[in-house]
Amino acid sequence: MGLCGSRFFDSGCLLDNGMLFPRESSSRELKELNGLWSFRADRSPNRKQGFERAWYKQRLAETGPVIEMPVPASYNDITQDATLRNFIGWVWYEREVVLPARWLADETTRVVLRVGSAHYYAMGWVNGVKVLEHNGGHLPFEAEISRIIRKDPTMPCRITIAVNNTLSLETLPPGIIKYMDDRTQYPDGYFVQSIFFDFFNYAGIHRPVLLYTTPKAYVNDITVVTDFLDDIGFVKYTISVKGAVTANMKVSLMDKSGKSVACSNEQTGVLKVANVQLWWPYLMHDNPGYLYSLEVRQYRATHEDVYTLPVGIRTVKVTSTQFLINNKPFYFHGVNKHEDSDIRGKGLDWPLVVKDFNLLKWLGANSFRTSHYPYAEEILQMCDRHGIVVIDECPGVGIKDIRSFGNNSLGHHLDVMDELVRRDKNHPSVVMWSVANEPAAEMPPAEFYFKILIRHTKGLDPTRPVTYITASNFARDKGAPYVDVLCVNSYFSWYHDPGHTEVIPIQLNTQFENWYGKYQKPIIQSEYGADAVSGLHSDPPMMFTEEYQKVVLQNYHDVFDQKRKQYVVGELIWNFADFMTAQGLIRVVGNKKGIFTRQRQPKAAAFLLKDRYWRLANETGTLKWSYC
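If you check an unreviewed UniProt entry, the protein appears there as Beta-glucuronidase from Echeneis naucrates. Word for word, the UniProt comment on the protein under Sequence similarities (unreviewed entry) is "Belongs to the glycosyl hydrolase 2 family."

Here is the structure:
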């Protein structure tokens, strides 16, 4: 698991066997399975009745009562059943699909079932035959089902997916099941899921489920690495083909108008682009998010496979004091987010996604971090198109127990990073990998754990820097020596010295000086903020009011303005919008640190940040912007 070299175009360690995002083309068809599915929670004491009685071998309605459940969505907030909202264990989904006759008759066509994500452990069957098994939420998994659906073309295609949201000390994120054995206090078999993270443990099928086709010989994966020199762009590409010993290729790079600007007939090579249009972040250029299209045609005899990959040509580099995009200093002024909203929980919802991007651009935000897990591929594609820079984070949040630093946990964590890099390696918006958030880095096994994890991630992709998010106490940190950028979370005058905003400048300055003095690496303030209940006001400011949230932010900003002239390269507010959490004494129907409400209405802090972010865009960018 050694490091790969990072010299020009050395992409030899980038994963070359992945799952391309399903796209329609002249050789590929899609059938979305979003909508209403049959649903049943396994409420048996051991949660295993579905397997013991083989629910997947028959229609789910024949096993017992079912309800309708939308996909994609979390199941927790859909019904009025409080026991389902907090349900832990296996739930079962089913959908019957009528397939196009050509898919069933054409033996040269592969049919693939793909699940965008399910939390957290999932198994899938087609017509009673197991085809899928996946450990971990937030990332896609798929399987070819051609042979199964052609056994009896007269039968509908019955898809069954079982999902289990149980967390253990070896999952990401980790958790513990606590059994309450005192029969004077709890009923027989009573247990609760204990978690170590501050967001609600939403569960279900959160992203689209679909069927798609490819020819038997098909493009399995594409890896691109980009660079430029003066006005010449370079796209190094590697194409993986399955189902054929040899492949005839035609590779074309097209600009936005559809004009071919470079081409090749090789499976791997470098395309040179004259008068290159670089991919720039939002507010850093008057034409941000420029994307070329890499069209790959793999053909043999009368069959061909066509796949088109969006490509942004840009570079990312880090010095001891700067974060550079296209060799220009980039300053992150953005947000942390959650995939979270009323009713649908973490389910992908297009109106919400578009609304969030409109708010980001209104705010003048140029970036966000996918706290605390990988977001939907569709969201990253929006970032590519709009020029929103992304710190891409894995689900390594809440690693607090020493038992979560064992070999099994590390092995799973490495697998998750493999899947994350495999999925997101070609997104120009993704500029950095984050391998964990606020782990218990002071524990003895932590240094070895993160040393291996960070080196492995750099080996997967030597073209992007790696970070992990740490707490403000630098003396306990064990992972910082191995990362490229320090990302630090702190909540002065909130979790520490609550109500005393006057201490923020001293403590924040000390934090920065300690971190930079010890490691000499650029720093991003990756979290800061305070809860504010929308509409709650007080003068002088008091905690939980909109005024207090503003004062906290202003005190942080004064220090940011001093340190960004030295080695601070970004600030990400916690949080973009209020979000749901588990019930607890310090959370009143969720976390209220959003600058927008959960319904995406602005608090006073949103206008404060809007003024700041547009000013920063003018001070740190190369263009002058005005806004309404």
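Q: Looking at this structure, how should I read the overall build of the protein?
A: A count of helical and extended segments in the protein gives 11 helices and 32 strands. Whereas a compact globule of 628 residues would reach a radius of gyration of roughly 25 Å, the protein reaches 25 Å, a difference of no more than 12%. Dimensions along the principal axes, computed over C-alpha positions, put the protein at roughly 75 × 75 × 50 Å. Taken over 628 residues, the protein has a buried fraction of 60%. If you sum the accessible surface of the protein, you get close to 24,700 Å²; carbon and sulfur atoms cover 52% of it. Of note, the protein has its 70 positive side-chain charges centred 2 Å away from the centre of its 69 negative side-chain charges.

Q: Just to check I follow, could you spell out the pairing of strand β25 (residues 332-336) for this structure?
A: Residues in a regular strand point their side chains to alternate faces of the sheet. Taken across its 5 residues, β25 has 5 buried, putting it largely inside the fold. Summarising the sheet, β25 and strand β32 (residues 568-573) pair through 4 bridges and their orientation is parallel. Across the sheet, residue Phe-332 finds its bridge partner in β32, namely Gly-570. With 2 bridges joining them, β25 and strand β26 (residues 367-369) adopt parallel strand pairing. By the bridge assignment for β26, Val-335 is matched with Phe-368. Between β25 and its parallel partner β26, the chain crosses via helix α5 (residues 350-363), and the hand of that crossover is right-handed.

Q: Would you mind showing me how to read the side chain of Ser-409 here?
A: Along the chain, Ser-409 falls in helix α7 (residues 407-424). In contact with Ser-409, other than residues within four places in its own chain, are Leu-169, Glu-170, Arg-403, Ser-404 and Tyr-449.

Q: Looking at this structure, I do not really get the domain arrangement of the protein. What am I missing?
A: One frequently used descriptor of interface size is the decrease in accessible area upon assembly of the parts. According to the domain assignment, the protein contains domain 1 (29-165 + 201-214), domain 2 (218-311) and domain 3 (316-620). Centre-to-centre separation of domain 1 and domain 3, based on C-alpha positions: 34 Å. Together, the buried faces of domain 1 and domain 3 total about 1,600 Å²; carbon and sulfur atoms form 56% of this surface. On the domain 1 side of the interface with domain 3, the three residues burying the most area are Leu-139, Tyr-202 and Arg-207, jointly 36% of the side's total. Run the count over domain 1 and domain 3 and you get 2 salt bridges. In this structure, Glu-377 engages Arg-114 in a salt bridge whose closest nitrogen and oxygen atoms are separated by 3.1 Å.

Q: Help me understand the sheet that holds strand β3 (residues 67-71), please; the structure alone is not making it clear to me.
A: Strands sit in the order β3-β2-β4-β10-β7-β8 across an open sheet of 6 strands; the sheet is antiparallel. Two strands lie at the open edges of the sheet, namely β3 and β8 (129-135), each paired on one side alone. The average angle at which neighbouring strand axes cross in this sheet is 30°, direction not considered. Here strand β2 (residues 35-41) pairs with strand β4 (residues 90-97) via 4 bridges, running antiparallel.

How each quantity is defined
Residues numbered from 1 in each chain as written. Predicted model: local features only at pLDDT ≥ 70, side-chain atom pairs only at ≥ 80, totals over all residues. Heavy atoms only, no water. UniProt positions renumbered as here; feature names shortened; annotations may be inferred. Helix = DSSP H or I, 4+ residues; strand = E, 2+ residues; numbered from the N terminus. Rg over C-alpha atoms; globule rule 2.2 N^0.38 Å. Buried < 20%, exposed > 50% of the residue type's maximum accessible area, 1.4 Å probe, protein only. Areas by Shrake-Rupley, 256 points an atom, 1.4 Å probe, with all protein chains shown as cover. Lys, Arg positive; Asp, Glu negative; His and termini not counted. Charge placed at Lys NZ, Arg CZ, Asp CG, Glu CD. Pairing = 2+ DSSP bridges. Right-handed = clockwise from strand over helix to strand, strands pointing away. Contact = heavy atoms within 4.5 Å. Domains from an automatic or database assignment. Buried area = accessible area lost by both parts, 1.4 Å probe. Salt bridge = Lys/Arg side-chain N within 4 Å of Asp/Glu carboxyl O. Axes fitted to C-alpha atoms, helices over the stretch in contact; angles between N-to-C directions.

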